[in-house]
Amino acid sequence: LPCSIRSFSEAAGVPVGKVLGTLMQMGVADININSQLDLESAELIATAMDLTIELKETETLENSLIMELENREDSEDSLIPRAPIVTFLGHVDHGKTSLLDYLIGINVVSGEAGGITQHIRAYEVEKDGRSVTFVDTPGHEAFTEMRARGANVTDIAVLVVAADDGIMPQTEEAISHAKAAEVPIVVALNKIDLEGVDSNRVLTQLTEHQLTPSEWGGDVEVVRTSATKGIGMDELLETLLTIAELNEYKANPDREAIGVCLESEQQGDRGVVAKLVVQNGTLRVGDIVVCGSTYGRIRAMTNTLTGSSMMEAGPSTPVNVMGFDQAPGAGERFHVLDDISKAREIAETREDASSQEMLSGVTTKVSFENFQEMLEDGRLGQNEDKVKLNLIIRADVKGSLEAIQKELTKLEHPEVEIKVLQQSVGGVSLADVTLASASNAVIAAFNVIPDEKARALADERNVEIRRYNVIYKLTDEIKLMIEGRLKPEE
Ligand code: GDP
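Residues numbered from 1 in each chain as written. Predicted model: local features only at pLDDT ≥ 70, side-chain atom pairs only at ≥ 80, totals over all residues. Heavy atoms only, no water.

For the protein, an unreviewed UniProt entry supplies the name Translation initiation factor IF-2 and the organism Rubripirellula amarantea. Quoted verbatim from the Function (unreviewed entry) heading of the UniProt record, the comment on the protein is "One of the essential components for the initiation of protein synthesis. Protects formylmethionyl-tRNA from spontaneous hydrolysis and promotes its binding to the 30S ribosomal subunits. Also involved in the hydrolysis of GTP during the formation of the 70S ribosomal complex." The heading Sequence similarities (unreviewed entry) in the UniProt record of the protein holds the text "Belongs to the TRAFAC class translation factor GTPase superfamily. Classic translation factor GTPase family. IF-2 subfamily." (UniProt positions renumbered as here; feature names shortened; annotations may be inferred.)

Have a look at this one:
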């Protein structure tokens, strides 16, 4: 596995048409006999068709080498502290770009067309011999998109809130995305230099969003900053370093590097330049790297900030890398191998797989219908004995949100936890779908509709958007679903 529907039907001795039919009943569209099935899909169909399937691992380099590299455990004594990787999130114009510029000592905001951050920037900033790596994504969508692709680069999220505006709709979204990523949140209460700002008002808003400031007895650090006047910058860095110390982020510099590609481009005569973040190990000039369906030998590396050349990059270091044959995609993981022909083989296998029509439909996305099934085979992350049903709720008015919340609290169940990742007023957005896809959530839409882009992405990712116009319909459905879980009385 993956295997095509054709080979699946041959192996199972079931007519192809029947396999296709079963898949269509399961809601999978756009498939043909050459579509690829992944392991989980194959298992789902097998269950649906009452077949037992036996797994024969085909020894692909992909699963043997890459899995070994991904799963290799580093011994406790090989681990040393690494810099925290920090991402800025927040409402547009609240000062993300300005804060990062100030911290790295440059000024691009003023020169930027329209002030829109186009690219993912990643820089390492040093303070008293200790480093923080900042990754600036153009929005929380990009942040969650990375997560959706399995590229969890962020250790700490800095939520930027302008003191004059306070919490805005995108701030709320950013909070949900950061919470869903389960990373510590630090608030930069920015633009504190503006006259007449009332920081208590913002602290109250934060508290209302379950981010209680530490000065009010909660666990969220709020740092008052001014990116234009340079206020609170040291304190912000200090706070991030303290959180890093508390969380003991560690890595092993003495192993082959693994990490993530943030972005890449073709740069004239320099060829492909890929911006990578090393998550573990040390990346060196001369290393053979495979990243998605591209590969190559590293010809040169440069510092992302100064452009000066580097021979090696250790854990948490962002670096521009030259030597790939093609531009790797944002969010792809990279691995170092010892043999260029193996790297080529893996890259080519992946390219073949992705050029074929991928069967994304029957993968893991949760829906109300399959929740029960997913519960049973433990695919929904059963920690603390409770299974989580992740929900994102969108509604036309605040009153409906409150009413839904109230109804949901009545649905206590010993084995299922209903977790609302995000609830807000307005139509279903692209960001909601990305969040749902990264967090295996179902989106409930109350008297609102998804916009076209959101709908298209939801189709592509097989994210379920359920529309309602009466509240009890939603709660009834959830109730039925979790009650199905109840064990028979003894
Ligand atoms: P982003 O969209 O969150 O990246 O916000 P920017 O960094 O582009 O900032 C938006 C605007 O707010 C720019 O005109 C900045 O000069 C201004 N700005 C950013 N930080 C501050 C601050 O601390 N104080 C004041 N007064 N203005 C700021």
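### Regarding the nonpolar core
The biggest cluster of nonpolar side chains holds 25 residues, and the ones touching the most others in it are Phe-88, Phe-134 and Leu-240. With residues up to four places along the chain from it excluded, the contact list for Leu-240 reads Pro-84, Val-86, Val-132, Phe-134, Ile-156, Val-158 and Val-186. One finds Ala-163, Val-183, Leu-203 and Leu-206 within the second-largest nonpolar core, a separate group that totals 21 residues. (Core = buried A, V, L, I, M, F, W, Y, C linked by side-chain atoms within 4.5 Å. Buried < 20%, exposed > 50% of the residue type's maximum accessible area, 1.4 Å probe, protein only. Contact = heavy atoms within 4.5 Å.)

### What to know about unusual backbone geometry
With a phi close to 75 degrees, Asp-93 is a non-glycine residue in the positive phi region. Along the polypeptide, Asp-93 turns up in the loop between β4 (85–90) and α5 (96–104). Backbone geometry places Glu-182, a non-glycine residue, at a positive phi of 55 degrees. With respect to the secondary-structure elements, Glu-182 resides in the loop between α7 (169–180) and β8 (185–190). Given a relative accessible area of 58%, Glu-182 falls into the exposed group. (Helix = DSSP H or I, 4+ residues; strand = E, 2+ residues; numbered from the N terminus.)

### Let's talk about the packing of aromatic side chains
The tally for this structure, following the rule as stated, stands at two aromatic pairs. Relative to Phe-134, the ring of Phe-88 has its centre 5.4 Å away and its plane inclined at 10 degrees; by these criteria the two rings are stacked. A residue pair is termed long-range when its members are at least 10 positions apart, and Phe-88 in strand β4 and Phe-134 in strand β6 (residues 130–136) qualify at 46 residues. Looking at Phe-88, the relative accessible area reads 1%, which means it is buried. Relative to Tyr-468, the ring of Phe-446 has its centre 5.6 Å away and its plane inclined at 25 degrees; by these criteria the two rings are stacked. Of the two residues, Phe-446 is situated in strand β22 (residues 441–446) and Tyr-468 in strand β23 (residues 465–468); the sequence distance between them amounts to 22 residues. On the basis of relative accessible area, Tyr-468 is assigned to the buried category, the value being 7%. (Phe/Tyr/Trp six-rings, centres within 6.5 Å; stacked < 30°, edge-to-face > 60°.)

### As for helix α12 (residues 398–409)
End to end, α12 covers 17 Å across 12 residues, agreeing with the expected 16 Å (1.5 Å per residue, within 8%). Residues Ser-400, Leu-401, Ile-404 and Leu-408 constitute the buried set of α12. All buried residues of α12 lie within an arc of 100 degrees about the axis, which places them on one face of the element. Away from its buried face, by an angle of more than 90 degrees, α12 presents the exposed residues Lys-398, Glu-402 and Lys-406. (Expected span 1.5 Å × (residues − 1). Arc of directions from axis to C-beta.)

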